[in-house]
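Topology and contacts: notes
Spelled out from the first residue to the last, the chains are:
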Amino acid sequence: MQKLLLFLCMSLLFVGCEVTNENEPDNNPSWAVRTYSIKSNQWTHVGQVNAPGSYYMCEFNENALTPFVCNSGIVVGYIYTKVSSTSVAQNPLPYIIYDMTDDAQQSWSIKYSFDYMPGSIAFYCHYNDFITEYTPGDCEFRVTMIW
């Protein structure tokens with residue numbers, strides 16, 4: 001009988017508990033979804049052409065990236081990639097593409113990534129061999145922000 005009484009008391013204790021985050025303005029999550037299209041001529045080259053450490057970037061102002069979202073929210077980035085002539089997939093960032101010449105004499109990889117801070121978001125394209133004389137093509141990114 002005592003074990004049953006103890007079990008009932010413990011059950012009520014756990015059922016009556018509620019976890020809240022007092023740092024949140026309210027307990028209803030909010031979100032924003034943005035799509036960023038970058039044309040080939042919008043990429044900015046950083047560093048010397050074909051030099052170690054060189055890469056491409058493109059930065060956007062983003063008002064939804066408040067200090068609260070950056071510090072307490074979740075920001076997830078994707079790149080759209082063409083799967084076939086009629087379908088497109090979303091791939092999470094960072095996203096790495098492996099490629100090689102037709103004769104398999106040279107291979108390289110391209111990494112797309114992003115970072116953010118209050119008020120702005122930036123997308124990056126890194127070539128593993130640092131051959132940055134070739135500008136990245138047009139890209140489309142999707143970012144989801146949850147707070």
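Calculation criteria
- Residues numbered from 1 in each chain as written.
- Predicted model: local features only at pLDDT ≥ 70, side-chain atom pairs only at ≥ 80, totals over all residues.
- Heavy atoms only, no water.
- Salt bridge = Lys/Arg side-chain N within 4 Å of Asp/Glu carboxyl O.
- Helix = DSSP H or I, 4+ residues; strand = E, 2+ residues; numbered from the N terminus.
- Pairing = 2+ DSSP bridges.
- Axes fitted to C-alpha atoms, helices over the stretch in contact; angles between N-to-C directions.
- Buried < 20%, exposed > 50% of the residue type's maximum accessible area, 1.4 Å probe, protein only.
- Phe/Tyr/Trp six-rings, centres within 6.5 Å; stacked < 30°, edge-to-face > 60°.
- Patch = residues over 30% accessible without salt bridge, like charges linked within 9 Å, V, L, I, M, F, W, Y side chains within 5 Å.
- Areas by Shrake-Rupley, 256 points an atom, 1.4 Å probe, with all protein chains shown as cover.
- Core = buried A, V, L, I, M, F, W, Y, C linked by side-chain atoms within 4.5 Å.
- Contact = heavy atoms within 4.5 Å.

**Examining the pattern of salt bridges**
Applying the stated criterion across every chain yields a total of one salt bridge. The partner of Arg34 in a salt bridge is Glu62, and the shortest N-O contact between them spans 3.2 Å. Separated by 28 residues along the polypeptide, Arg34 in strand E1 (residues 31-38) and Glu62 in strand E3 (residues 55-62) bring together distant segments of the chain.

**A few points about the sheet that holds E3**
Strand order across the open sheet formed by five strands is E2-E3-E8-E7-E6, with antiparallel pairing between neighbours. At either end of the open sheet lies a strand with only one pairing partner, and these are strand E2 (44-46) and strand E6 (95-100). Direction aside, the axes of adjacent strands within the sheet are offset by 25 degrees on average. Pairing geometry for E2 and E3, over three bridges, is antiparallel. Looking across to E3, one finds that Val46 is bridged to Tyr55.

**Brief notes about the sheet that holds E1**
The four strands lie next to each other as E1-E9-E4-E5, forming an open sheet whose pairing is antiparallel. The open sheet has two edge strands, E1 and strand E5 (88-92), and neither has a second partner. Taking the axes of each pair of neighbouring strands and ignoring which way they run, one obtains an average angle of 25 degrees across the sheet. When strand E4 (residues 74-82) meets E5, the two strands line up antiparallel, connected through five bridges. Bridged to Thr81 within E5 is Ala89.

**With respect to unusual backbone geometry**
When glycine is set aside, most residues are seen to have a negative phi, and most peptide bonds are trans. Here Leu93 and Pro94 are connected by a cis peptide whose omega angle stands at 5 degrees. In this structure, Pro94 sits in the loop between E5 and E6. For Asn50, which is not glycine, the phi dihedral falls at a positive 60 degrees. With relative accessibility at 30%, the residue Asn50 sits in the partly exposed group. With phi around 60 degrees, Phe130 is a residue other than glycine that occupies positive phi space.

**What to know about the packing of aromatic side chains**
Taken as a whole, this structure holds 11 aromatic pairs when the rule is applied. When the ring of Phe114 is compared with that of Phe123, the centres are 6.3 Å apart and the planes differ by 25 degrees; the resulting orientation is stacked. A single burial state applies to Phe114 and to Phe123, both of which are buried. Through a chain of ring-to-ring contacts, the aromatic side chains of Tyr36, Trp43, Phe60, Tyr112, Phe114, Tyr116, Phe123 and Phe141 assemble into a single cluster.

**Digging into a nonpolar patch on the surface**
Residues Trp31, Val33, Ile74 and Ile146 make up a contiguous nonpolar surface patch of roughly 400 Å² in combined accessible area. Within the secondary structure, Trp31 sits in strand E1.

**Digging into the nonpolar core**
If you look at the biggest cluster of nonpolar residues, it comprises 25 residues, and the most contacted ones within it are Trp43, Tyr112, Ile121, Phe123, Phe141 and Met145. Those elements giving two or more residues to this core turn out to be E1, E3, helix H2 (67-72), E4, strand E7 (107-117), strand E8 (119-127) and strand E9 (139-146). Those residues in contact with Tyr112 that sit more than four places away from it in its chain are Trp43, Ile79, Leu93, Pro94, Tyr95, Ile97, Tyr124, Cys125, Pro136, Cys139 and Phe141.

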